[in-house]
Amino acid sequence: MSDERTMQTDIVQAILDKLKTAGNRVTTQRLNIIRVLVEAEKTSGHITAEDLISSVQNTNPEMNISTIYRNLEELERLGIIEHVHFGHTPAMYHLTSTSHFHLVCERCGDTVEVGDDISAVLIETIKEHFEFVVKPHHFAIVGYCKKCSGDSDVDDGPTIGGLI
Ligand SMILES: [Zn+2]
Ligand SMILES: [Zn+2]
Ligand SMILES: [Zn+2]
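A brief look at the structure comes next. (Residues numbered from 1 in each chain as written. Chains lettered and ligands numbered in written order. Predicted model: local features only at pLDDT ≥ 70, side-chain atom pairs only at ≥ 80, totals over all residues.)

Locating Thr48 in the fold gives a position in strand 1 (residues 47-48). By C-beta crowding, Thr48 is classed as partly exposed, having 16 other C-beta atoms within 10 Å. Other than its neighbours up to four places away in sequence, Thr48 contacts Pro90 and Met92. (Helix = DSSP H or I, 4+ residues; strand = E, 2+ residues; numbered from the N terminus. Buried ≥ 20, exposed ≤ 12 C-beta atoms within 10 Å, placed from the backbone. Contact = placed C-beta atoms within 7 Å.)

Shown next, in the form of structure tokens:
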């Protein structure tokens, strides 16, 4: 338990160091936003701006929405966080400490994070054929997860009546 706390503090500290090295002021507001993002990393790793705002305002009720958005933009510009669109849902924010792109199941909403070593192959192939540079981080690739593609005849498509 305490190990986990220490680890989280270390992550926050590493981000703050990065900010300072880049010559940025570390404000209490920024610190709170970073804490919420690191906390989110423990669960799904992703958080909508709306959820982030309500978490931040839980501890800092005086912090207004435009300030939070401005900080998010700034942290994004500095490469500390990025946002991704998982489909029709609002954009999700996450730390860039682990660089990855996302696969999202259209049916159950499951997300899989895929390391950049795998997207490198895709990027290289498309660049070679179309002279187009893909940025896989900004939008998730949608499809069906193993579970949903495996029993796809359960809730759509023609079914043989009475089997289940
Ligand atoms: Zn992510
Ligand atoms: Zn699924
Ligand atoms: Zn976007």
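The next subject is the sheet that holds strand 2 (residues 81-84). What the 3 strands build is an open sheet, ordered 1-3-2; its pairing is antiparallel. Bordering the open sheet on either side are strand 1 and strand 2, each of which pairs with just one other strand. With 4 bridges joining them, strand 2 and strand 3 (residues 92-95) adopt antiparallel strand pairing. Following the sheet pairing, Glu82 is matched in strand 3 by His94. (Pairing = 2+ DSSP bridges.)

On to helix 3 (residues 49-59), then. Helical periodicity: at 3.6 residues per turn, an α-helix aligns residues three or four positions apart in one direction. Along helix 3, the residues classified as buried are Leu52, Ile53 and Val56. The arc enclosing the buried residues of helix 3, seen along the axis, measures out at 100°, which places them on a common side. Exposed residues lying more than 90 degrees from the buried face of helix 3 are Glu50, Ser54 and Asn58. Packing partners of the buried residues in helix 3 comprise helix 2 (28-42), strand 1, helix 4 (65-77) and strand 3. (Arc of directions from axis to C-beta.)

Turning our eyes to something else, we now look at the packing of helix 2 against helix 4. Here helix 2 crosses helix 4 at 75°, and the two axes come no closer than 10 Å. With respect to helix 4, the element helix 2 is oriented roughly perpendicular. Contact with helix 2, carried on its side by Gln29, Arg30 and Ile33, involves Thr67, Ile68, Asn71, Leu72 and Leu75 of helix 4 and no other residues of that element. Tallied by class, residues from the contact of helix 2 with helix 4 come to 4 nonpolar, 3 polar and 1 charged. (Axes fitted to C-alpha atoms, helices over the stretch in contact; angles between N-to-C directions. Parallel < 35°, antiparallel > 145°, perpendicular 65-115°, else oblique. Nonpolar A, V, L, I, M, F, W, Y, C, P; charged D, E, K, R; others polar.)

Another aspect to go through is the nonpolar core. Counting residues in each nonpolar core, the largest one holds 22 residues, and the members touching the most others are Ile33, Leu37 and Tyr93. Mapped by element, the contributors of at least two residues to this core are helix 1 (2-21), helix 2, helix 3, helix 4, strand 3 and strand 4 (100-105). Here the element with the most residues in this core is helix 2; it accounts for 5 residues. For this core, the two domains that each supply at least three residues are domain 1 (1-96) and domain 2 (99-149). Beyond its immediate chain neighbours, meaning those up to four positions away, Leu37 contacts Ile47, Ile81, Tyr93 and Leu95. (Core = buried A, V, L, I, M, F, W, Y, C linked by C-beta atoms within 7 Å. Domains from an automatic or database assignment.)

Here the focus is unusual backbone geometry. Within the chain, Glu131 stands out as a residue other than glycine whose phi angle is a positive 50°. Among the secondary structure elements, Glu131 is positioned in the loop between helix 5 (116-130) and strand 6 (141-143).

This next bit is on the pairing of strand 5 (residues 111-115). As judged from the 5 bridges shared by strand 4 and strand 5, these two strands associate in the antiparallel manner. Bridging across to strand 5, His100 finds its partner in Gly115.

Purely spatial values, then, with no claim about function.
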